[in-house]
Amino acid sequence: MPTGEAAATAEGQDPRGRSKSSSPRHIPVIAVVTEDEETQGVFKPMDLNHIIRLLEENDKGDLEEKQLKSVKKLVQCYQNGFPLRDLAQIFKILSLCAGKIENQHQFTESVCDILKLCSLPFLKKKVSDEITYAEDTANSIALLGDLMKIPSSELRIQICKCIVNFYHAEPPKKHIPGYQQASSSYKAKMAEVGGLAKTMVQSMTLLENQLIEKLWVLKVLQHLSTSEVNCVLMVKAQAASTICVHLNDPDPSGQLLFRSSEILWNLLEKSPKEEIIQQLSTLECLVTLKEIFKTLFMRGFSHYDRQLRNDILVITTIIAQNREAPMIECGFTRDLILFATFNEVKSQNPLVKGLKLSNAYEDFELKKLLFNIIVILCKDLPTVQLLIDGKVVLALLTYVKKPEKHKAIEWSAAQYEELQLHAIATLSSVAPLLIEEYLSCQGNARVLEFLEWCESEDPFFSHGNSFHGTGGRGNKFAQMRYALRLLRAMVYLENETVNADLCEKGTVQQLIGIFKNIISHPNEKEEAIVLEIQSDILLIVSGLCEHHIERKEIFGTEGVDIILHVMKTDPKKLQSGLGYSVLLFSTLDSIWCCVLGCYPSEDYFLEKEGIFILLDVLALNQKKFCNLILGIMVEFCDNPKTAAHVNAWRGKKGQTAASLLIKLWRKEEKELGVKRDKYGKIIDTKRPLFTSFQEEKKPMPLPANCPSIAVMDVSENIRAKIYAVLDKLDFENLPGLSAEDFVTLCIIHRYLDFKIGEIWNEIYEEIKMENLRPVSSDKRILETITMASENIGKMVASLQSEMIESQARQDVQNEQKVYTKIQTAHKQREMANKSWENFLARTSNIKTLKKAKRLQEKAIESSKYSKRPQNAVFHPTVLKGLNTTIPSGGVVAVESTPVRLLGGPLADTDLALKRLPIRGGGLKAVKAGDETKKSIPT
């Protein structure tokens, strides 16, 4: 046993150096050294506890020299790296030495030497050492952050270098037999566990005016922020705001801004974004970002400066998403608007005087980022006045035109196209807020002219290589798509001035023409974009024509034709995900807004079998369309010609419209959880329409202007619309209904009565809950109404029972008829089988054949006349020599009539035949006066 271990054992401690009461080891021994290893001088046994005790003493005069000497021996011993099992003692020694630096500067070198050794990979003797000593390692590494509080520049820099080396580990100087390196990521993981990132952020407050140390700390944080765990710890230590406020500090090297911006990027990507935005949304942080951005925008000319400028703008864009960020108060919003529009709108502001963007990639990205931040800033209404002052609408409208030839443009063709699309997309967000500016700049005219160019055959080879240009390569679909989005955004404002201006410029006719042109020239490659364009056209036209009969007349038959064309789409495409469902919604909306209420258009729609197509779509049984289609049907049924079309429609297997509507009613009630028995009969006569939601939701007192649950139920499902349609069809003579349909129809017929009773019940319940007592007459009336509603329910239930019983009897009768048919068929089959058996018996048994022959002859004789008429010619009916016992077929012998009887080819054949008697054998000529004798077969 080595000397150190023996001493430890003598003191009642475990040989591995930890106290028995606390840990299994107290006095560290570097390794159990063999004689070969010891002769090589790799490790020498050392009592680390002795060094700790020596450093803790303070009374002896030559103590400092002994302490330094012992630490140097330690460094010399561990020159190839620290074993994991000794880290706790070694970092205890490091902490004691660092504490002496402030008064005894001689310890600085020793501490730095130990820290340099910490840069080497840790060593493990067993594979499990990484797990066994994880807690000690994490606590030891966390100590590095605490040592940053010691006011020593050299120490702080060395600590930072040590931590950076966690991510760039140096190889050991010499291989140590019996030891292995810990995994390369072990130190970084232990730094996460120990919370080193948090203490390093806190140390920033100690380095206000110490640039070199601050840069080293930022380098450390830059490495630490690559981990999500560390980012979370840094956020808790307010890292974002702490770093941001120092972005503009003097720094000739430029590293401070670069490293700080990268740390902020990492924090935004790998930690809760909301917390980071909240930390950066202070006036101090935004002022700092504004000054940096302005400086880089106006004086940054290098590639690096432009990249950094764009990074700062992206961070600002993320902060601007917070409505509470004081972007306006710090003047950042005004400057951003100025920078976004100075190229398009001339400004005398000294900030942009003489500035010009190049077509470099960074400047191109900057322009797009400025457009993007305008979209975010305009969501804050106080920004509107700044947008007006900055003439943002005018600047964006300069892009709403066809590309001009022979004009020196600073952007390439691809760049200009991308900026054009981005500007139109930005205008869709900004223009609805600035209607007056949009109209004063002739926005509608510019957009319609641009759409006319999009539809023209002007040769234009778009690049389609951006997000906004998706699907627009080699065509103008991208431009048309965003121009229509802009028009849709303006029409949705329902501003009559804007809509009237559009209609006066012929927008409805122009859009219908575009739609027809797209239909006639389909483009399957860009099918999704084409569908979006068609949907937007129909939505724009719907917004313009709603509530205006004269505009619906302009929509006219051409518009109805494109509606019918869309509705005839193959139903399978509705599930393709390309946008056919959206297009169908837009089409149904256009029926509501552009056809209903205009009688010529309604009649034309009916003539073109529009109701049939509507019912075909309704029969698809897709819930998302049912509500809208039924609403259209209710309105269409006001036209007296509609009922005939509805009743004439037939679906699959001859299904009628009434049967379809009743089927939808049953499906809706099943989804709503309405109580019905297996035949569809009412169970609860008191509340026949109650849904499961209404049962769970107890009635409560509500203000008079708040609709109750029973009233809201009318608009939240399709039952009311089905009732309205069937009511307009008069509930009578509905074709194609089954007994089950009639049972359900009884409930539908009384829907309004049931709903009124339901509402009165709610009123009665609310009165009880509010502890109100109605006067006697009112109470009597309420009870009468409640009783009447219940009686109607009982009456309907009774009628349903009669129908069910009648149907049951009818089913029994039908079943009996079917059984009779089956019985008859079986009897016929038995007779046929018996006849066949008799036939086989005659052919295989001579006695049976003779017997059958005798019976046949007897039957023939009994069928003859008992008395023969006079002068009659008898023909034999039995052919002699016939060996069969079944009836023979008719045998007719026909011979050509001799010419002598006909009198030659020119004879009067008809007259000759009139004079010919019918006799047995051939025809014979007789005189005209002779009487014709009858020929009777015998």
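Rules of the game
Residues numbered from 1 in each chain as written. Predicted model: local features only at pLDDT ≥ 70, side-chain atom pairs only at ≥ 80, totals over all residues. Heavy atoms only, no water. Helix = DSSP H or I, 4+ residues; strand = E, 2+ residues; numbered from the N terminus. Buried < 20%, exposed > 50% of the residue type's maximum accessible area, 1.4 Å probe, protein only. Contact = heavy atoms within 4.5 Å. Axes fitted to C-alpha atoms, helices over the stretch in contact; angles between N-to-C directions. Parallel < 35°, antiparallel > 145°, perpendicular 65-115°, else oblique. Left-handed = near helix turned anticlockwise from the far one by under 90°. Nonpolar A, V, L, I, M, F, W, Y, C, P; charged D, E, K, R; others polar. Core = buried A, V, L, I, M, F, W, Y, C linked by side-chain atoms within 4.5 Å. pLDDT = per-residue confidence, 0-100. Expected span 1.5 Å × (residues − 1). Salt bridge = Lys/Arg side-chain N within 4 Å of Asp/Glu carboxyl O.

Caption draft 1: Quick look at unusual backbone geometry. The phi torsion at Q442 lies on the positive side, around 55°, for a residue other than glycine. With respect to the helices and strands, the residue Q442 is situated in the loop between helix 24 (435-440) and helix 25 (443-455). Classification of Q442 as partly exposed rests on a relative accessible area of 45%. The backbone of N621 sits at a positive phi, close to 65°, despite the residue not being glycine. Within the fold, N621 resides in the loop between helix 33 (610-618) and helix 34 (623-636). Assessed through its relative accessible area of 31%, N621 is described here as partly exposed.

Caption draft 2: Inspection of the side chain of S659 at higher detail. With respect to the secondary-structure elements, S659 resides in helix 36 (residues 657-672). With sequence-adjacent residues up to four places away left out, S659 is seen in contact with G736, L737 and D741.

Caption draft 3: The arrangement of the packing of helix 5 (residues 87-99) against helix 8 (residues 134-147) in detail. The contact between helix 5 and helix 8 brings their axes to 9 Å, and the two run at 15°. As summarised for this structure, helix 5 and helix 8 are arranged roughly parallel, according to the angle between their axes. Judged by the twist between their axes, the crossing of helix 5 over helix 8 is left-handed. Note on element contacts: helix 8 touches helix 5 through D136, T137, S140, L143, L144 and L147, opposite L87, A88, F91, L94, S95 and A98. For the contact of helix 5 with helix 8, the residue count by class is eight nonpolar, three polar and one charged.

Caption draft 4: Region of the structure containing the nonpolar core. Ranked by internal contacts, the top residues of the largest apolar core, which has 239 residues, are L144 and L726. Each residue touching L144, except ones within four places of it in the same chain, is listed here: F91, L94, L115, I159, C162, I163, F166 and L196.

Caption draft 5: Looking closely at the confidence of the model for the protein chain. Looking at the protein chain, the pLDDT average stands at 84 and 86% of residues meet or exceed 70. Contacts of residues 1-41 to residues separated by more than four positions or lying in other chains number 68 contacts, the stretch itself having pLDDT below 50. Segment residues 911-938 is flagged for pLDDT under 50; beyond a separation of four residues in sequence, or across chains, it makes 34 contacts in the model.

Caption draft 6: A look at helix 42 (residues 776-844). Taking 1.5 Å as the rise per residue, helix 42 with 69 residues should run 102 Å; its terminal C-alpha atoms sit 101 Å apart, in good agreement. Among all positions of helix 42, only L782, T786, S789, E790, G793, V796, A797, Q800, S801, I804 and R842 are buried. At its buried positions, helix 42 is contacted by helix 40 (739-749), helix 41 (751-769) and helix 43 (846-862).

Caption draft 7: The arrangement of the pattern of salt bridges in detail. Summed over the entire model, instances satisfying the criterion amount to 30 salt bridges. The closest approach of N and O atoms between K675 and E695, which form a salt bridge, is 3.6 Å. Within this pair, whereas K675 is found in the loop between helix 36 and helix 37 (692-696), its partner E695 is found in helix 37, the two being separated by 20 residues in sequence. The exposure class assigned to K675 is partly exposed, which follows from its relative accessible area of 44%. One salt-bridge network, in which partners are shared between bridges, spans E669, R676, D713, R719, K755 and E758.

Caption draft 8: Region of the structure containing the packing of helix 36 against helix 40. In the contact formed by helix 36 and helix 40, the axes pass within 10 Å of each other and the chain directions differ by 70°. In terms of orientation, helix 36 and helix 40 fall into the roughly perpendicular class. Packed against helix 36, whose contacting residues are S659, I662, W665 and R666, the element helix 40 presents E740, D741, T744, L745, I747 and I748 at the interface. Among the residues forming the contact of helix 36 with helix 40, the class breakdown is five nonpolar, two polar and three charged.

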